[in-house]
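Report on the structure
Given next are the chains, with one letter for each unit.
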Amino acid sequence: MDWLYIFLGVLQGITEFLPISSSGHLFLLKKLLYTKELSLSFVLLVHLATLFSILFFFFKDIKLLFFDIEKQINLFFKILISLIPALIVGLFFRSFIEQSFETNLVASGFLFSGILLFSLFFIKQKQKSLEEMSFLQAFLIGLMQALAILPGFSRSALTITTGLYFGLSSRSAVFFSFLISLPVIAGSSLIDFLSQSSPLSVSINYMELSLAFFSAFFTGLFSLFFVLKAVQSHKLKLFSFYLIPLSFFVFFIL
């Protein structure tokens, strides 16, 4: 059995939700350890696993939103507004993004994410609910998510930190961050799937795919729990002490 796929599933589950950039770390992995291209079936499966992690972890919140839309209509429209920047970037800048995996950009993403997290040392967290968040603030959080499509820029770091700057409570900031990531992850995976002439690879056996899926799913759940606790205990900023040195390593050594 090839344990590499379990390792990559764990890596996906951890880096997708922790504020350290999954795309940036997969880039580093290919640079330092592994040069073989991953099959599309593997990539789609681990992304599906992380989607299920979000749905499982926030099931009650998501159920309330989508099964009681009349009561949650305000939040529903804020979610739609937040998705506009990512939709524009995905439609018109996709080819640029696909060609943007180069060392200096990844390092810049790590540095920007780290500085943003470090800035949390200088703000006081508040307790605003998502209902109190303005439509403009929802759009700006979505703008940060669109920026995080670039490699090295952490989606969770950018969106959660921006939510905290706007005064959202810990759970509200984390929930909104990962809620708006659902259609982005699903949409990008669907585009990747449809863009292939032979979408599914048979080069990996079902056992390896299953192990990759479940390793990504369970580590994703752990990461979501860890991020929520880190935000609630005001420790999310500590990830800056990992990202900023990492950016200099990528800039000057890699």
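Okay, so let's go over this structure. Quantities reported herein were computed from a predicted structural model and do not represent experimental measurements.

Below, the discussion takes up empty space enclosed by the protein. In total, this model carries one cavity of 30 Å³ or more according to the counting rule given. Of the pockets and cavities examined, the largest cavity occupies roughly 40 Å³. When residues of the lining of the largest cavity are traced back to their parent elements, those giving at least two are helix H10 (155-165) and helix H11 (170-194). Examining the composition of the lining of the largest cavity, we find that four residues originate from one element, H11, more than from any other. Looking at the lining of the largest cavity, its residues break down into three nonpolar, three polar and two charged.

What follows deals with the packing of aromatic side chains. Geometrically, a pair of aromatic rings is defined through the distance of the ring centres and the angle of the planes. As enumerated under the stated definition, the model contains 19 aromatic pairs in all. Taken together, the ring pairs connect Phe52, Phe56, Phe213, Phe214, Phe217 and Phe218 into an aromatic cluster. Here the guanidinium or amino end of Lys78 rests over the ring plane of Phe135, the centre of that ring lying 5.7 Å away.

Conventions adopted
- Residues numbered from 1 in each chain as written.
- Predicted model: local features only at pLDDT ≥ 70, side-chain atom pairs only at ≥ 80, totals over all residues.
- Heavy atoms only, no water.
- 1 Å grid on protein atoms, 1.4 Å probe; cavity = no way out; pocket = protein on both sides within 12 Å on 5 of 7 lines; lining within 4 Å.
- Points joined across faces, edges and corners; volume = space filled by probe spheres on them.
- Helix = DSSP H or I, 4+ residues; strand = E, 2+ residues; numbered from the N terminus.
- Nonpolar A, V, L, I, M, F, W, Y, C, P; charged D, E, K, R; others polar.
- Phe/Tyr/Trp six-rings, centres within 6.5 Å; stacked < 30°, edge-to-face > 60°.
- Lys NZ or Arg CZ within 6 Å of the ring centre and 35° of its normal.

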